[in-house]
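Spelled out, the chains give:
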Amino acid sequence: MCLDASTWFYGRMTQERPHWAIATYQRHRLIIDALGVVALSAVLALLGFGRSWQTYSVLSGELPAWAPLITVVPAAVFMLTKHRAPWLSLAGAALLFVVDLLTIGGIGPLLVLLDVLWFAAFHASPQGRRRLLWGILLTAVLMAVGAIALGKTDISMAVLLGIQFGVIFATDYWWAVAMAHANELAELHRQRADDAAAEAERDRAEAVRQEREVMAKELHDVVAGHVLAMAIRAEAALSTQPETTTDRAALQAVRDAGIDAHAALRTMISVLRRGDGDVLPTPSLADLAGLVDDARRAGLEVEVSATDIAPLPAPLEQAVVRVVREALANCVRHASGAAVSVTLDDHNDNVRVRVLSQGGNAVTVHGYTGSGWGLSMLRERVDMMGGDFTAGPVAQGWAVEAVLPRAVAA
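This one's a predicted model, so the numbers in the text were calculated from it and none came from an experiment.

Digging into the overall build of the chain
Assigned secondary structure in the chain consists of 13 helices and five strands. Expressed as a percentage of its 410 residues, the buried residues of the chain come to 37%. Within the chain, residue pairs in contact and separated by at least 24 positions form 72% of the contacts whose partners lie at least 6 positions apart.

This is the structure:
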């Protein structure tokens, strides 16, 4: 029992590689424990402690010094079988203890019983432990009654013997249960720590994913748009006869788009290096004029209608500007020279933004193929705000429309 508990405790409390002697003991502890109990019983017998419970012995006369080995050797076998059959081993150890108590009265069978009892209590279910506790209480009573029935002591001494055995078994039981509870508590804390670590890893992965999403959207909305606008304007200039005025205007547009793209990239790089601030300045309705001017310089005929609009919350302004920006960028790529109307109005408790293009021709840029991400990311933004998004051909041309609720955005 003691060796079992100390081995468990040692294994739990240290993570270092054990000494070779400890490692050897851990591999062969069942046999070593059993031989240790037999050896201890033999030594005690030689020292004259072979018959410790003569109050219960029904034998008379002297017994040979080696007599305690008669019961301790078979009892030690149950120390070897406790892992495979703990309850059967406990019953066998208890039976041999009773036989030894009524005959030889040695220490060894008691040690075996305590060892097997500890193991059974440690691994028992709550119901099994309750049964063991009632068994210990019943044993204490039977020990007192047995001492009285044998007539070798008075009632007070018999009660004392019953209490003595009850305390011995109860202490062994309590120690096993306490160690089991400590083990269960440690396992619970370990599981909670593992769960917390797993949750933290999931949160970290989700944060990384969301940040990558933000970066991807900003790169697409601003940087990719500017770079593609540069390519479109350069392609338009290259596809016509050289002309100083239009060529210089195209170069100026390319330069302006390059400067804007460079500023956006510098902002993103700064955020990535320092980890603070916004990826890009938050878009607002004040940016619509600049977006419209860029679209007009790219060859679109843009008209804007945004009258009688109540002030918008910042998230709603951002969504509106992004819808307009992506819709105009698509018009530049796929409907160059088109007539485009941008309408922003209140619609019940919602805000509606609509970009309608009519006419125009697609601009082919050598080496460029569209990804189709722009409209899909717009749909994701609008869906996240609880709005409705549509994009596709209509009777008048091609329309991109988003209806966004004011309440959710606020």
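Read on, since the account is not over.
Some points on the pattern of salt bridges
For the structure on display, the rule yields nine salt bridges. A salt bridge links Asp 345 to Arg 352, with the nearest nitrogen and oxygen atoms 3.3 Å apart. Across the pair Glu 401 and Arg 354 runs a salt bridge whose closest N-O atoms are separated by 2.9 Å. Of the two residues, Glu 401 sits in strand 5 (residues 397-405) while Arg 354 sits in strand 3 (residues 350-358), which places them 47 residues apart along the sequence. The partly exposed category is assigned to Arg 354, whose relative accessible area is 26%.

Considerations on the confidence of the model for the chain
Across the chain, the average pLDDT comes to 80, with 74% of residues at 70 or higher. Across residues 5-15, where pLDDT falls below 50, the model places 14 contacts with residues more than four positions away in sequence or in other chains.

What to know about the nonpolar core
Counting 36 residues, the largest nonpolar core has Tyr 56, Leu 90, Phe 97, Leu 101, Val 112, Phe 165 and Phe 169 as its most contacted members. At the level of elements, helix 3 (29-46), helix 4 (68-81), helix 5 (86-102), helix 6 (108-123), helix 7 (126-150) and helix 8 (155-238) are the ones that each hand at least two residues to this core. Considering each element in turn, this core owes the most residues, 10 residues, to helix 6. By size, the runner-up hydrophobic cluster in this structure holds 33 residues, among which are Leu 288, Val 292, Val 324 and Val 355.

Some points on the side chain of Arg 129
Turning to its location among the elements, Arg 129 is positioned in helix 7. Among the polar contacts made by the side chain of Arg 129, one reaches the main-chain carbonyl oxygen of Ala 121 at a distance of 2.9 Å. Those residues in contact with Arg 129, other than ones at most four positions away along the chain, are Ala 121, Phe 122, Ala 124, Tyr 173, Val 177, Ala 180, His 181 and Glu 184.

A short note on the pairing of strand 4 (residues 388-394)
Where strand 4 and strand 5 come together, seven bridges link them in antiparallel fashion. Residue Pro 393 lies in a different strand from strand 5, and its bridge partner there is Trp 398. Turn length for the strand 4-strand 5 hairpin, with the two strands adjacent in sequence and antiparallel, is two residues.

What to know about the environment of Leu 35
Mapped onto the fold, Leu 35 is located in helix 3. Distance in space between the C-alpha atoms of Leu 35 and Val 73 is 8.8 Å, their sequence separation being 38 residues.

As for the sheet that holds strand 1 (residues 301-305)
Ordered in space as 1-2-3-5-4, the five strands form an open sheet in which the pairing is mixed. Looking along the sheet, the strands with just one partner apiece sit at the ends: strand 1 and strand 4. Taken over all neighbouring pairs, the strand axes of this sheet differ in orientation by 10 degrees on average, direction set aside. Strands strand 1, strand 2 (339-347), strand 3 and strand 5 of the sheet are contacted by helix 11 (residues 314-334), whose axis makes an angle of about 10 degrees with strand 3.

Comments concerning the packing of helix 4 against helix 5
The relative placement of two packed helices comes down to the angle between their axes together with the axis-to-axis distance. Between helix 4 and helix 5, the least distance of the axes is 9 Å, while the angle of their chain directions is 165 degrees. Taken as axis vectors, helix 4 and helix 5 run roughly antiparallel relative to one another. Read as a crossing pair, helix 4 and helix 5 show a hand that is left-handed. Along its contact with helix 4, which presents Thr 71, Pro 74, Ala 75, Phe 78 and Thr 81, the element helix 5 presents Pro 86, Ser 89, Gly 92, Ala 93, Leu 96 and Asp 100. When its residues are assigned to classes, the contact of helix 4 with helix 5 shows six nonpolar, four polar and one charged.

Some points on a nonpolar patch on the surface
On the surface, a cluster of nonpolar side chains totalling about 370 Å² of accessible area is made up of Val 58, Leu 59, Val 98, Leu 102 and Leu 150. Classification of Leu 150 as partly exposed rests on a relative accessible area of 32%.

Reading the values: the criteria
Residues numbered from 1 in each chain as written. Predicted model: local features only at pLDDT ≥ 70, side-chain atom pairs only at ≥ 80, totals over all residues. Heavy atoms only, no water. Helix = DSSP H or I, 4+ residues; strand = E, 2+ residues; numbered from the N terminus. Buried < 20%, exposed > 50% of the residue type's maximum accessible area, 1.4 Å probe, protein only. Contact = heavy atoms within 4.5 Å. Salt bridge = Lys/Arg side-chain N within 4 Å of Asp/Glu carboxyl O. pLDDT = per-residue confidence, 0-100. Core = buried A, V, L, I, M, F, W, Y, C linked by side-chain atoms within 4.5 Å. Polar contact = N/O pair within 3.5 Å; in protein donor to acceptor, adjacent residues only side chain to side chain. Pairing = 2+ DSSP bridges. Axes fitted to C-alpha atoms, helices over the stretch in contact; angles between N-to-C directions. Parallel < 35°, antiparallel > 145°, perpendicular 65-115°, else oblique. Left-handed = near helix turned anticlockwise from the far one by under 90°. Nonpolar A, V, L, I, M, F, W, Y, C, P; charged D, E, K, R; others polar. Patch = residues over 30% accessible without salt bridge, like charges linked within 9 Å, V, L, I, M, F, W, Y side chains within 5 Å. Areas by Shrake-Rupley, 256 points an atom, 1.4 Å probe, with all protein chains shown as cover.

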